[in-house]
Amino acid sequence: MASKPCAKSFCPRLVPTGQRYCEQHRKQVQQTQDKKRGTAHQRGYDGRWQKARIGFLNKHPLCVHCAANNVIEPAVVVDHIVPHKGDKDAFWNRANWQPLCKRCHDIKTATEDGGFGR
């Protein structure tokens, strides 16, 4: 398996290709990013969002990505098609919402953001 140095300055550890940091520094970087990102509530995912989410999923119960591939899978996530990045208008714009299953949402997030929630 190919490896490369950890991206943290002066760290001597090697990491598999495709990863940036060793386990120790990955945790440190994630904690720093989580602090900058704020809590789910601070990002707008509060009681009002939970009510809107439930209503949207009741009206749109199937994952649109799976349905496009002729697979029937229940949606459990209301995804922002274009990430809102804290913009409240984009956050609440229902035309920017789509129902996804967890698997499709995780794949989309990892692909578009370079990782989960980053």
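Just so we're clear, the structure is a prediction, and the values are computed from it rather than from any experiment. (Residues numbered from 1 in each chain as written. Predicted model: local features only at pLDDT ≥ 70, side-chain atom pairs only at ≥ 80, totals over all residues. Heavy atoms only, no water.)

By size, the foremost hydrophobic cluster in this structure holds eight residues: W49, A52, F56, L57, A75, V78, F91 and W97. Here the element with the most residues in this core is helix α2 (residues 47-59); it accounts for four residues. Discounting residues that sit within four places of it in the chain, A75 has contacts with L57, H60, P61, L62, C63, P99, L100 and C101. (Core = buried A, V, L, I, M, F, W, Y, C linked by side-chain atoms within 4.5 Å. Buried < 20%, exposed > 50% of the residue type's maximum accessible area, 1.4 Å probe, protein only. Helix = DSSP H or I, 4+ residues; strand = E, 2+ residues; numbered from the N terminus. Contact = heavy atoms within 4.5 Å.)

Taken as a whole and judged by the stated rule, the model has six aromatic pairs. Between W49 and W92, the aromatic rings sit 6.0 Å apart at their centres with planes inclined by 65 degrees, giving edge-to-face as the arrangement. One end of the pair, W49, is in helix α2; the other, W92, is in helix α4 (residues 88-92), with 43 residues separating them in the sequence. Exposure remark for W92: the relative accessible area of 22% places this residue in the partly exposed category. On the basis of an interplanar angle of 55 degrees and a centroid distance of 6.3 Å, the ring pair of W92 and W97 is categorised as tilted. A residue is classified by how much of its surface remains accessible, and W97, at 5% relative accessible area, is buried. Here the aromatic cluster, defined as three or more aromatic residues joined through ring pairs, consists of W49, F56, F91, W92 and W97. One residue, R48, lies across the ring of W92, its end atom 3.8 Å from the ring centre. If you follow K88 out to its NZ or CZ, it ends over the ring of F91, 5.3 Å from the centre. (Phe/Tyr/Trp six-rings, centres within 6.5 Å; stacked < 30°, edge-to-face > 60°. Lys NZ or Arg CZ within 6 Å of the ring centre and 35° of its normal.)

A cluster of basic residues, R48, K59, K88 and R94, forms a positive patch on the protein surface. Mapped onto the elements, R94 comes out in the loop between α4 and β4 (97-100). (Patch = residues over 30% accessible without salt bridge, like charges linked within 9 Å, V, L, I, M, F, W, Y side chains within 5 Å. Areas by Shrake-Rupley, 256 points an atom, 1.4 Å probe, with all protein chains shown as cover. Salt bridge = Lys/Arg side-chain N within 4 Å of Asp/Glu carboxyl O. Lys, Arg positive; Asp, Glu negative; His and termini not counted. Charge placed at Lys NZ, Arg CZ, Asp CG, Glu CD.)

For the rest of this paragraph, the subject is the confidence of the model for the protein chain. Summary statistics for the protein chain give a mean pLDDT of 86 and a share of 84% for residues scoring 70 or more. Looking at the elements of the protein chain, mean pLDDT is at its lowest for helix α1 (residues 23-37), recorded as 74, and at its highest for β4, recorded as 98. (pLDDT = per-residue confidence, 0-100.)

A few words now on unusual backbone geometry. One non-glycine residue, N70, lies in the positive phi region at around 60 degrees. Mapped onto the secondary structure, N70 falls in the loop between α3 (64-68) and β3 (77-80). Given a relative accessible area of 77%, N70 falls into the exposed group. Phi is positive for K85, which is not a glycine, with a value near 50 degrees. Within the secondary structure, K85 is located in the loop between β3 and α4. By relative accessible area, which is 77% here, K85 ends up exposed.

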